[in-house]
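# Tertiary structure, described
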Amino acid sequence: MKCEEIRERMPDVAAGLSQPTAEEGQHLASCAACAEQLKAMSATMALLDEWQAPEPSPYFDVRLQARLREEMTAPQPGWLYWFRRPVLAAALTVLVGIGVGLFFTRSSGIYAPPEEEAAITETAEPGSAVSDLQALDKNHDLYSDFELLDDLDLQQDVVANP
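Along each chain, the written sequence defines residue order, and numbers are assigned to residues from 1. Reporting of local features is limited, given that this is a predicted model, to residues whose pLDDT is at least 70; pairs of side-chain atoms are given and counted only at 80 or more, and all residues count toward the totals for whole chains, interfaces and linings. Excluded from the side-chain calculations are hydrogens and water; all other atoms, namely the structure's heavy atoms, are used.

As annotated in an unreviewed UniProt entry, the chain carries the name Zinc-finger domain-containing protein and comes from Candidatus Sulfotelmatobacter kueseliae.

Time to look at a nonpolar patch on the surface. Think of a patch as exposed residues, more than 30% relative accessible area, with no salt bridge, where like charges cluster within 9 Å and nonpolar side chains (Val, Leu, Ile, Met, Phe, Trp, Tyr) cluster within 5 Å. All accessible-area figures derive from a Shrake-Rupley calculation using a 1.4 Å probe, and residue coverage is judged against the displayed protein chains alone. In what follows, salt bridge is the name for a side-chain nitrogen of Lys or Arg lying within 4 Å of a carboxyl oxygen of Asp or Glu. Nonpolar side chains collect at one region of the surface, where Leu92, Val94, Leu95, Ile98 and Leu102 lie side by side and expose about 500 Å² of accessible area between them. Take Leu102: it is sitting in helix H5 (residues 79-107). Burial classes follow relative accessibility: with a 1.4 Å probe on protein chains only, a residue under 20% of its type's maximum area counts as buried, one over 50% as exposed, and anything between as partly exposed. With relative accessibility at 47%, the residue Leu102 sits in the partly exposed group. Here a strand is any run of E in DSSP of at least two residues, a helix any run of H or I of at least four, and the numbering for each starts at the N terminus.

As a further point, take the packing of helix H1 (residues 3-15) against helix H2 (residues 22-30). Interaxial angle, 0 to 180 degrees, is taken between N-to-C directions of lines fitted to C-alpha atoms, where a helix line uses only the stretch in contact. Close contact between H1 and H2 brings their axes to 11 Å; oriented N to C, the two are set at 110°. Between H1 and H2, the crossing angle belongs to the class labelled roughly perpendicular. Judged by the sense of rotation from one axis to the other, the crossing of H1 with H2 is left-handed. Every residue of H2 that contacts H1 at Cys3, Ile6 and Arg9 is listed here: Glu24, His27 and Leu28. Three residue categories are used. Nonpolar comprises Ala, Val, Leu, Ile, Met, Phe, Trp, Tyr, Cys and Pro, charged comprises Asp, Glu, Lys and Arg, and polar comprises the others, including Gly. In terms of residue class, the contact of H1 with H2 is made up of three nonpolar, one polar and two charged. By the definition adopted for this analysis, an angle is roughly parallel if under 35 degrees, roughly antiparallel if over 145, roughly perpendicular if from 65 to 115, and oblique otherwise. Crossing handedness is read from the near helix: turned anticlockwise from the far helix by less than a right angle, it gives a left-handed crossing, and turned clockwise, a right-handed one. Throughout, a contact is declared for two residues whenever any of their heavy atoms are within 4.5 Å.

Here the focus is a negative patch on the surface. Charged residues are defined here as Lys and Arg on the positive side and Asp and Glu on the negative side; His and the ends of the chain fall outside this count. To locate a charge, the coordinates of NZ of Lys, CZ of Arg, CG of Asp or CD of Glu are taken. Taken together, the side chains of Glu4, Glu5, Glu8 and Glu23 make up a negatively charged region of the molecular surface. For the negative patch, the leading source of residues is H1, giving three residues. Checked against the element boundaries, Glu23 lands in helix H2.

What follows deals with H1. Every helix has an expected span of 1.5 Å times one less than the residues it contains. With 13 residues, H1 extends 19 Å between its outermost C-alpha atoms, agreeing within 8% with the 18 Å of an ideal straight helix rising 1.5 Å per residue. In H1, a bend of some 45° at Arg9 exceeds every other bend along the element, and Pro11, a proline, comes one to four places later. Among all positions in H1, only Ile6, Met10, Val13 and Ala14 are buried. Of the residues one or two after H1, Gly16 is the one with positive phi, at around 85°. One axis is fitted to the seven residues ending at the residue and one to the seven starting there. The bend at that residue is the angle between these axes.

In this section: the packing of aromatic side chains. Note on ring pairs: Phe, Tyr and Trp rings are taken, using the six-membered ring of Trp, and paired if centres are within 6.5 Å. Classes follow the plane angle, with under 30 degrees stacked, over 60 edge-to-face and the rest tilted. Applying the stated criterion across every chain yields a total of one aromatic pair. With a centroid separation of 5.3 Å and an interplanar angle of 70°, the aromatic rings of Phe103 and Phe104 are classed as edge-to-face. Residue classification places Phe103 among the exposed positions, given a relative accessible area of 54%.

Here it is, written out as structure tokens:
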């Protein structure tokens, strides 16, 4: 028999609810660790059997009833109290969402701080390939609108000259 198998039944045996089988008895005789654990559990169960619950104070019931009467007569919170909690939770959720959104838009390169832009433009010489690329990058939205205009002109030409 394995130690894990006997440890499943050990609380019942230690409490005296059941007796160990012959196979379990042989294992307990041969395994010092299991025998020691059973002995410790039996001692714990014996202590628990001797324990007596303390008696409550004679005034416990009187004080409990008085406290219950106080709570029953206390004014109950109105609908505004219960409505305020979900509204606050929703507002905090929205604020956290906005904060996370701003964090990711700033860190993903969509927003470049002015110090970085100034540092980039100051290092490039005017008329060089680097400055031309920076100008293209800076005015990307403007140039993409020109492509839309070119496409629009082509469509008008096709319609006008079928």
